[in-house]
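Results of the structural survey
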Amino acid sequence: TELKPIMTKILTEGLLESGSNLHARKRKLMDISNELNEVFFRYPFSVPPFFALVTRGLGLLEGIALSGDPDFDIFQASYPYARRRAVEIFGARSLRKFRLQTQLTQKTQ
C-alpha cells in the first residue's frame, strides 16, 4: 500500500536514525511532519488512550535517563526486548524479511 513507504520513512528517519540525540530527532520529525499530517488526514484512525499514556511515559523516562547519561539511547536499550517481542508476534522469518526490505529501501534512497 502507499501507506507503508511513508510510515517506514517517518519511523526510520524521524526516530531510528537519530538515536538518542533529541535535537536531531526533533529536527528530523519536523522535516517530515507534513507527510505525517497527510497520513493522518488521508487515513483516519484513532489511537487508544493507553498508547498515548505509554508514549508519554516513555518520553519522560527517556528524559530522566538522558539527564543521568547523555549518551543513553532508548532504542539501543529497548532493542533486545523489542526484538524478542517482534519474533513472538511475527516470527523470525517475517522479521528477517522486513529487515531485508528495509535495507533495500535505504540503499535505493
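Residues numbered from 1 in each chain as written. Predicted model: local features only at pLDDT ≥ 70, side-chain atom pairs only at ≥ 80, totals over all residues. Heavy atoms only, no water.

Concerning a nonpolar patch on the surface
Taken together, the side chains of Phe40, Phe45, Val47, Phe50, Phe51, Val54, Leu58, Leu60, Leu61 and Ile64 define a hydrophobic patch exposed on the protein surface, amounting to about 1,000 Å² of accessible area. Take the nonpolar patch: its biggest share by element is seven residues, from helix α4 (residues 49-68). Counting through the fold element by element, Leu58 comes out in helix α4. (Patch = residues over 30% accessible without salt bridge, like charges linked within 9 Å, V, L, I, M, F, W, Y side chains within 5 Å. Areas by Shrake-Rupley, 256 points an atom, 1.4 Å probe, with all protein chains shown as cover. Salt bridge = Lys/Arg side-chain N within 4 Å of Asp/Glu carboxyl O. Helix = DSSP H or I, 4+ residues; strand = E, 2+ residues; numbered from the N terminus.)

Details of the pattern of salt bridges
According to the stated counting rule, one finds one salt bridge in the structure shown. Note that Arg85 and Glu88 form a salt bridge whose closest N and O atoms lie 3.0 Å from each other. Residue Arg85 and its partner Glu88 are located together in helix α5 (residues 74-90), separated by three residues, close to a single helical turn. In this structure Glu88 comes out as exposed when scored by relative accessible area, which is 58%. (Buried < 20%, exposed > 50% of the residue type's maximum accessible area, 1.4 Å probe, protein only.)

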